[in-house]
Amino acid sequence: MTNLTLTTDRLTLRPITLQDAPAIFSYRSDAVINRYQGWIPEDLADVNSFIENRVSPEFDVPDTWFQFVIILKENNEVIGDLGIHFHAENNREVELGITLSVGHQQKGFAVEALRQIIQFLNSDCAKQKITASIDPRNTASIRLFERLGFCLKAHIRNSAFINNEWVDDLIYELPIAP
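Residues numbered from 1 in each chain as written. Predicted model: local features only at pLDDT ≥ 70, side-chain atom pairs only at ≥ 80, totals over all residues. Heavy atoms only, no water.

A. Highlighting the overall build of the protein. For the protein, the count of helices and strands is four helices and eight strands. Each helix (α) and strand (β) of the protein, taken in turn from the N terminus, gives the series β-β-α-α-β-β-β-α-β-α-β-β. Here the protein has a C-alpha radius of gyration of 15 Å; the compact-globule value for 178 residues is 16 Å, and the two agree. Viewed in the frame of its principal axes, the protein has a C-alpha envelope of about 40 × 35 × 30 Å. For the protein, the computed accessible surface area is about 9,200 Å², with 47% contributed by carbon and sulfur atoms. (Helix = DSSP H or I, 4+ residues; strand = E, 2+ residues; numbered from the N terminus. Rg over C-alpha atoms; globule rule 2.2 N^0.38 Å. Areas by Shrake-Rupley, 256 points an atom, 1.4 Å probe, with all protein chains shown as cover.)

In structure tokens form, the structure reads like this:
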């Protein structure tokens with residue numbers, strides 16, 4: 001894995017490892033809390049497979065996802081994860097996704113982590129388009145991304161078949177000056 005580590009006042013963001021699997025399973029396996037997620041692991045083996053097979057070990061590889069874990073500095077606890085999808089078609093465009101454990105939501109951690117990633121992607125990586133794909137029923141995520149300055153760009157009906165149902169998709173984009 002890449003040695004890329006980012007920090008904020010309260011958080012450390014570092015690449016995901018297999019050692020993070022139990023913590024990730026503890027918050028990602030809750031089907032009610034994560035009902036708008038495309039992936040809900042059924043067991044620890046699902047998390048291990050996700051880390052080994054679906055997450056790129058290298059940063060900024062076209063058509064891959066790179067996954068950070070979000071760690072609370074005060075106790076070194078993994079409280080969430082943040083994914084970056086590097087698009088194949090355009091090296092300057094990325095998509096973000098974030099998941100926090102339910103006990104750490106509504107405390108500003110998601111805003112803090114996303115602001116750090118956005119600043120890094122814009123300043124250090126020269127990304128020019130940052131998007132987020134959100135289920136329209138996920139009002140908390142909509143509020144989160146709007147708070148960060150993202151604007152709704154598209155509403156795609158019946159975009160994907162997730163968790164045994166067809167769902168719409170809202171595409172939010174962060175306006176970045178070239």
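B. Main features of helix α3 (residues 109-123). The terminal C-alpha atoms of α3, which comprises 15 residues, lie 21 Å apart, in line with the 21 Å expected from a rise of 1.5 Å per residue. Considered for burial, the residues of α3 that qualify are F109, A110, V111, E112, A113, L114, I117, I118, F120 and L121. (Expected span 1.5 Å × (residues − 1). Buried < 20%, exposed > 50% of the residue type's maximum accessible area, 1.4 Å probe, protein only.)

C. Fine view of the side chain of E93. When you line up the elements, E93 lands in strand β5 (residues 93-100). Of the residues examined, E93 reaches a relative accessible area of 15% and is grouped as buried. Among all residues touching E93, those that are not within four sequence positions of it are H85, F86, H87, K127, K129 and T131. (Contact = heavy atoms within 4.5 Å.)

D. Focus on the pattern of salt bridges. Overall, the coordinates contain nine salt bridges when judged by the stated rule. In this structure, E173 and K129 form a salt bridge, with 3.8 Å as the shortest nitrogen-oxygen distance. In this pair, E173 sits in strand β8 (residues 165-174) while K129 sits in strand β6 (residues 129-134), placing the two residues 44 residues apart along the sequence. Taking relative accessible area as the criterion, K129 reaches 29% and is therefore assigned partly exposed. Each member of the salt-bridge network shares a partner with another, and the members are E93, K129 and E173. (Salt bridge = Lys/Arg side-chain N within 4 Å of Asp/Glu carboxyl O.)

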